[in-house]
Amino acid sequence: MSATPNRRILLFILGAVSLLCLCSTPVIGLTNYQAFVSNPTVTLPPPFIINTATNTSTPTKTPPLCGGPEAMFIVVVGSDARADTYVSGLADAIRVVRVDFVNPSMMMLPFPRDLYVEIPEISEHYNITHGKLNQAFLYGNDGFKYYDGEGKGLGLLALTLEHNFAVQVNHGVAVNLQSFVKIVDAFGGIDINLPTAIDGRVKNSIDSNFYFPAGEQHLNGYRTMILARLRPNGDIIRTQTQDLILKALFKKVFTSTTITNLPAIIESFITSVQTNLTESEIAQLLCLAPMIDSEKIQTVNFPEELFKTKRVNDPILGYTSVLDVDFAILRKYVEEFNKGSWLDTIPQP
């Protein structure tokens, strides 16, 4: 399926947002995970609607802009697929983006990939009822085809988020590793200022690619990918690093050089994006995009202290490490996110 100019520009914008959804090392032990070899064909599945409500905010007299809904919710995924495809690959970084069409703005909420959740509608396949959140994307795509609903992996991931946390999700976009490197290099790399050094080298390794000193530095696509995937201090710290990468990318997106080179940048990754946005929805987002400045793009995070590590016996992964959290508390945060607001204190479950 070829992309129209409008679709290409919108996918460029969402691709830049999706770059914050970067991948960690793949889970070892998934049955047949390495057996799925893909071809470079990207499918664009039809739209899925998990929750038909598009906004739960207080009614306003101001109509939505650009003919859009009051709010559009998009799950953006960084897949660890090494091939230029989405046949297989885990959603190893996940964010839900809330696009506000009444007060032009964006709010982004990361979900840790290791949350142990109920994955609905796939139990007929080896009696699988639970798994890590990132497995939902894998099970829904063509490698496994455990999900019969709309949207393939993006659809099953959206359904899993709604089922466990009452997240409103209408649409999805996924970017794989090859696309990530292509996009960052097309930008000419990024400039980033790290508050502390990040060392992902194994013992006795002298590979400088896996060491990032504190302070300002320029990174190409490959090095940026490595930085985004490293988690020597855990997933929460990695999410904070990804947020810094996102801010650096946004600076590049809106420079005059990027605008001049927009056609070449789009061509660098357009064939490697998985999405289900329709032409009309893309037109709405394109109409709104110029009205959203950087100050109206907000990333919110669940408090780190809510999460604890534990191990569970999973029928597919075996005795594996997962993140444990009170889902009732996360739902209270999600309820505010759905409205376009956020809680400043930890609520009672």
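Look a little higher up for the structure.
What counts, and at which threshold
- Residues numbered from 1 in each chain as written.
- Predicted model: local features only at pLDDT ≥ 70, side-chain atom pairs only at ≥ 80, totals over all residues.
- Heavy atoms only, no water.
- Pairing = 2+ DSSP bridges.
- Helix = DSSP H or I, 4+ residues; strand = E, 2+ residues; numbered from the N terminus.
- Buried < 20%, exposed > 50% of the residue type's maximum accessible area, 1.4 Å probe, protein only.
- Phe/Tyr/Trp six-rings, centres within 6.5 Å; stacked < 30°, edge-to-face > 60°.
- Disulfide = S-S within 2.5 Å.

Student: Quick rundown of the pairing of strand E13 (residues 308-314)? Include the residues and the values.
Tutor: Bridge analysis of E13 against strand E14 (residues 318-324) gives 7 bridges, and the strand direction is antiparallel. Along E14, the bridge assignment pairs Asp-314 with Gly-318. Linking E13 to E14, which pair antiparallel, is a turn of 3 residues.

Student: Help me get a handle on the pairing of strand E1 (residues 71-79), residues and values and all.
Tutor: With 9 of its 9 residues buried, E1 lies for the most part within the structure. Alternating positions in E1 separate into two faces, Ala-71, Phe-73, Val-75, Val-77 and Ser-79 on one and Met-72, Ile-74, Val-76 and Gly-78 on the other, with burial throughout. Bridge count for E1 against strand E2 (residues 91-100) is 9 bridges, and the pairing is antiparallel. Paired with Met-72 across the bridge in E2 is Val-99. Note: E1 against strand E6 (residues 171-175), 5 bridges, orientation parallel. Looking at the pairing, Val-76 lines up with Val-173 of E6.

Student: An account of the packing of aromatic side chains is needed here, citing residue identities and associated values.
Tutor: Following the criterion strictly, the structure yields 12 aromatic pairs and no others. Between Phe-111 and Phe-302, the ring centres sit 5.4 Å apart and the planes meet at 75°, which makes this aromatic pair edge-to-face. With Phe-111 in strand E3 (residues 105-111) and Phe-302 in the loop between strand E12 (297-299) and E13, this residue pair connects regions lying 191 residues apart in the sequence. Taken as a pair, Phe-111 and Phe-302 share a single burial class, namely buried. Their ring planes at 70° and their centres at 5.6 Å tell us that Tyr-139 and Phe-144 sit as a pair that is edge-to-face. For the pair formed by Tyr-139 and Phe-144, the shared burial category is buried.

Student: How would you summarise helix H2 (residues 133-140) if you had to cite specific residues and measurements?
Tutor: Of all the 8 residues making up H2, 8 are buried; the element is thus mostly covered by neighbouring parts of the structure. For H2, the set of buried residues is Leu-133, Asn-134, Gln-135, Ala-136, Phe-137, Leu-138, Tyr-139 and Gly-140.

Student: Any chance you could break down unusual backbone geometry for me, citing the residues and the numbers?
Tutor: In this structure, Cys-66 takes a positive phi of about 60° despite not being glycine. Along the chain, the position of Cys-66 falls in the loop between helix H1 (5-18) and E1. Phi is positive for Asn-204, close to 70°, though the residue is something other than glycine. Tracing the sequence through the fold places Asn-204 in the loop between strand E8 (198-199) and strand E9 (211-212). Since its relative accessible area comes to 71%, Asn-204 is described here as exposed.

Student: Outline the state of the cysteines, listing residues and values.
Tutor: For the structure on display, the rule yields 1 disulfide. The disulfide bridge from Cys-66 ends at Cys-287, spanning 2.1 Å between sulfur atoms. One disulfide, between Cys-66 and Cys-287, carries an S-S torsion of -70° and so falls in the left-handed class. Of the two residues, Cys-66 sits in the loop between H1 and E1 while Cys-287 sits in helix H9 (residues 279-288), which places them 221 residues apart along the sequence. Residue Cys-287 is classed as partly exposed on the basis of its relative accessible area of 36%.

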